[in-house]
Amino acid sequence: MSNNLEAQLLQLQQQGETAIAAADSLERLEDLRINYLGKKGELGALLRNMGKLTAEERPKIGAIANTVKEVLQERLDKQKQILESAQIQAQLAAETIDVTMPGIYRPQGRIHPLNGIIDQAMDIFVGMGYTVAQGTEMETDYYNFEALNTPQDHPARDMQDTFYLPDGNLLRTHTSAVQIRYMEKEEPPIRIIAPGRVYRRDDVDATHSAVFHQIELLAVDEGLTFTDLKGTVKVFLQAMFGDLPIRFRASYFPFTEPSAEVDLQWNGKWLEVMGCGMVDPNVLKSVGYDAEVYSGFAAGFGVERFAMVLHQMDDIRRLYNSDLRFLQQF
Ligand code: DAH
């Protein structure tokens, strides 16, 4: 009996050692451990026959069984180490970064030149205590013309200039409409800057677009004078263009009295850059302000014009084509 059991134990050990050495995964190894050394494993099954041994045989077989168990456990541990380190090596190899590979090109985003001008202008005016106001691009005749003291027969109301909508509304031809919308809701003192899109029935060419951008200024308070207007415009233009000569030229707008156009000396030439003036008392009256108490100044200018001058552009259409070769310069 004892010889038989001893042989079986040694055979089990040999089988186990071979199987463990051949195990190629940690899962397989765990299966083998359960199979040989687990509670219901093969070693346990053999030892259940110990009861049939004599008292002298038992310690001897017991010692052999212990050795078998220790050897198999040791082989399992060793193989586990080998497999684990192989796994780490494989992972390291798989995750290796080849620093010589070409990178993935991700073009950097940029601010569109029009937004750049608008941002810059907003910064300058916010620095002077102005807030940013918005109106609507679809307007009524009242806000775009009537309340801005623009009589029915004024050329600016001509069908050729304005996009009229079938319902009698229109696409605003200038941001001056925001003046009325804002003053209707607020009381003086007022200091706003209103950037936005405007629309005109112009033929598109190198200097004209049917859709373009303007920035409107409006200040209303007690005691504002033309000097305040001049000082504000000067500070703004110098911040935008640098310390260049500017001049105010008498002009006409229905909503300002007196009115002026501002020229800037750019590369030795006088360049018209904005319209402005003292808010016409009729405009103040149209929003219910007391024109005896309050006065105001207003100005408006084209963003495209500023962009073209500052960036030396020859064609306004480049601003709308979304051509990255062009836009990447800014
Ligand atoms: N709205 C005028 C235009 O589109 C520009 C303008 C001129 C705005 C004088 C003003 C201003 O606020 O006072 O041509």
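Residues numbered from 1 in each chain as written. Predicted model: local features only at pLDDT ≥ 70, side-chain atom pairs only at ≥ 80, totals over all residues. Heavy atoms only, no water.

## Re unusual backbone geometry
Working step 1: Going from P188 to P189, the amide bond is cis rather than trans, its omega being 5 degrees.
Working step 2: Tracing the backbone shows P189 in the loop between α7 (177-185) and β4 (190-199).
Working step 3: Cis rather than trans, the peptide bond between E257 and P258 has omega equal to -5 degrees.
Working step 4: Residue position: P258 is located in strand β7 (residues 256-266).
Working step 5: Unusually for a residue other than glycine, N267 sits at a positive phi of about 50 degrees.
Working step 6: By the secondary structure assignment, N267 is in the loop between β7 and β8 (269-279).
Working step 7: In the Ramachandran plot, Q312 falls in the positive-phi region, its phi being about 50 degrees despite a non-glycine side chain.
Working step 8: Checked against the element boundaries, Q312 lands in the loop between α10 (303-310) and α11 (324-327).
Working step 9: Given a relative accessible area of 68%, Q312 falls into the exposed group. (Helix = DSSP H or I, 4+ residues; strand = E, 2+ residues; numbered from the N terminus. Buried < 20%, exposed > 50% of the residue type's maximum accessible area, 1.4 Å probe, protein only.)

## As for the pairing of strand β9 (residues 294-302)
Working step 1: Where strand β5 (residues 211-222) and β9 come together, nine bridges link them in antiparallel fashion. Within the sheet, the bridge partner assigned to I215 lies in β9 and is F301. (Pairing = 2+ DSSP bridges.)

## A closer look at the packing of helix α5 (residues 113-127) against α10
Working step 1: With their axes 9 Å apart at the nearest point, α5 and α10 run at an angle of 105 degrees to one another. Taken together, the axes of α5 and α10 lie roughly perpendicular to each other. Mapping the contact onto sequence places L114, I117 and I118 in α5 and V303, E304, F306, A307 and L310 in α10. (Axes fitted to C-alpha atoms, helices over the stretch in contact; angles between N-to-C directions. Parallel < 35°, antiparallel > 145°, perpendicular 65-115°, else oblique. Contact = heavy atoms within 4.5 Å.)

## Let's talk about the domain arrangement of the chain
Working step 1: Considered domain by domain, the chain is made up of domain 1 (2-95) and domain 2 (113-327).
Working step 2: Distance from the C-alpha centre of domain 1 to the C-alpha centre of domain 2: 90 Å. (Domains from an automatic or database assignment.)

## Regarding the site of the ligand
Working step 1: Residues in close proximity to the ligand total 15 residues, the closest being H174, S176, R200, Q214 and E216.
Working step 2: Between the ligand and H174, the relevant distance is 3.0 Å, taken from a nitrogen atom to a side-chain nitrogen or oxygen of the residue.
Working step 3: Between Q214 and the ligand, the recorded distance is 2.9 Å, taken from a side-chain N or O atom to an oxygen atom.
Working step 4: Sorting the residues of the shell around the ligand by element identifies β5, β8 and β9 as the ones contributing at least two each.
Working step 5: Grouping the amino acids of the shell around the ligand by side-chain chemistry returns five nonpolar, eight polar and two charged. (Near = heavy atom within 4 Å. Polar contact = N/O pair within 3.5 Å; in protein donor to acceptor, adjacent residues only side chain to side chain. Nonpolar A, V, L, I, M, F, W, Y, C, P; charged D, E, K, R; others polar.)

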